[in-house]
Amino acid sequence: MSVTSPGPAPDALELAALLCSRVCHDLISPVGAIVNGLEVLDDNPKPEDREFALDLIRKSAKTASARLQFCRLAFGAAGSSGAQIDLGDAQTMAKGHIEDGKVTLTWNLPRLLLPKNRVKLLLNMLVIAQQTIPRGGALTVDPVGDGETMSFRITSAGLNARVPQNIVDLLNATSSNTVDAHAVQPHYTRLLAEACGLKVTLTLDGDKVIVAAA
């Protein structure tokens, strides 16, 4: 039985660049839609076309703002080293980013301050959990333990729920592929988990996927 050697890990500069690429990828679609809406308005449209363009701009601006706020907390510095983050603020940003008409989010965590990296880990676990239900569904976040050492369990439920093997390999550091902009998010999640003394696992349980940190 052969053992797959992990691919080379990015250095600090490359990791920063890859995370920037990931954020830009998340923002291209809504910002592009805003530009398209403005171009329609510039063409002196009919009243119905004007209203369509304004509605597109409103929705896309709201989406872009929600994604920016989420990415700032999930991938950014979010305060000084050793800072704590309010789980209530994390919930607001998570709902704004995750609930897109296809996915609903139930948040069963208490409102308290947790170390920054632990909250960043939670938000990145949500991104992974969302990928386990490609056709949409429901995400439920529950606490594991309490206080500053609290960890998390996210249950994904949806049609054709699945465990993506490439994400599992990246979380376990067993992927033989080079980490690129598409793979950097689960790779970053593993780094956050290690910083918290935890490991993230994905488990298929019938028609549900459990994403847990322990």
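Residue numbering note: each chain is counted from 1, following its sequence as written. Confidence filtering applies because this is a predicted model: local features only for residues at pLDDT of at least 70, side-chain atom pairs given and counted only at 80 or more, and all residues used for totals across whole chains, interfaces and linings. As a rule here, side-chain values cover all heavy atoms of the structure and leave hydrogens and water aside.

Labelled according to an unreviewed UniProt entry, the protein appears under the name Histidine phosphotransferase ChpT C-terminal domain-containing protein, originating from Bradyrhizobium ivorense.

S.K.: Mind showing me how you'd approach the environment of Thr174 here?
M.R.: Counting from the N terminus, the helices are the DSSP runs of H or I reaching at least four residues and the strands are the DSSP runs of E reaching at least two. If you trace the backbone, Thr174 turns up in the loop between α5 (165-171) and α6 (184-195). Sequence-wise, Thr174 and Leu112 are 62 residues apart; in three dimensions their C-alpha atoms are separated by 35 Å.

S.K.: How do you make sense of helix α2 (residues 47-74) when you look at a structure like this?
M.R.: Spacing of three or four residues puts side chains on the same side of an α-helix, whose turn is 3.6 residues. The span one expects for a helix is its residue count, reduced by one, times 1.5 Å. Between its first and last C-alpha atoms α2 spans 40 Å; for 28 residues at 1.5 Å apiece the expected length is 40 Å, and the two agree. Relative accessibility decides the category of a residue: with a 1.4 Å probe and only protein chains considered, values under 20% of the type maximum give buried, values over 50% give exposed, and everything between is partly exposed. Among all positions of α2, only Ala53, Ile57, Ser60, Ala64, Ala66, Phe70, Cys71, Leu73 and Ala74 are buried. In this structure, the buried residues of α2 make contact with α1 (12-42), β1 (84-86), α3 (87-98), α4 (116-131) and α6. In what follows, a contact means two residues having at least one pair of non-hydrogen atoms within 4.5 Å.

S.K.: Is there a simple way to explain the domain arrangement of the protein in this structure?
M.R.: How large an interface is tends to be reported as the accessible area lost when its parts come together. For every domain, the bounds stem from an assignment made automatically or drawn from a database. Domain parsing of the protein yields domain 1 (10-75) and domain 2 (80-213). Placing the centre of domain 1 and that of domain 2 at their C-alpha centroids yields a distance of 23 Å. Opposite the 14 residues of domain 1 that make contact, domain 2 presents 18 residues. For any pair of parts, buried area is found by adding up, for both, the accessible area (1.4 Å probe) each one loses once the two are put together. In this assembly, domain 1 packs against domain 2 so that about 1,600 Å² is buried in total across both faces, 76% of it on carbon and sulfur atoms. A per-residue breakdown of the area domain 1 buries against domain 2 is headed by Arg22, Phe70 and Leu73, which together make up 41% of the total. The rule for a salt bridge is simple: a side-chain nitrogen of Lys or Arg has to be within 4 Å of a carboxyl oxygen of Asp or Glu. One can count zero salt bridges joining domain 1 with domain 2. Polar contacts, as counted here, are pairs of nitrogen or oxygen atoms within 3.5 Å of one another; within protein the pair requires one atom able to donate a hydrogen and one able to accept it, and residues that are adjacent in sequence qualify only if both atoms are side-chain atoms. Inspection of the domain 1/domain 2 interface yields two residue pairs in polar contact (both at pLDDT 80 or more). Mapped onto the side of domain 1 that touches domain 2, the elements with two or more residues apiece are α1 and α2. Throughout, the ten residues Ala, Val, Leu, Ile, Met, Phe, Trp, Tyr, Cys and Pro are labelled nonpolar, Asp, Glu, Lys and Arg are labelled charged, and all others, Gly among them, are labelled polar. Its residues assigned to classes, the side of domain 1 that touches domain 2 comprises nine nonpolar, two polar and three charged.

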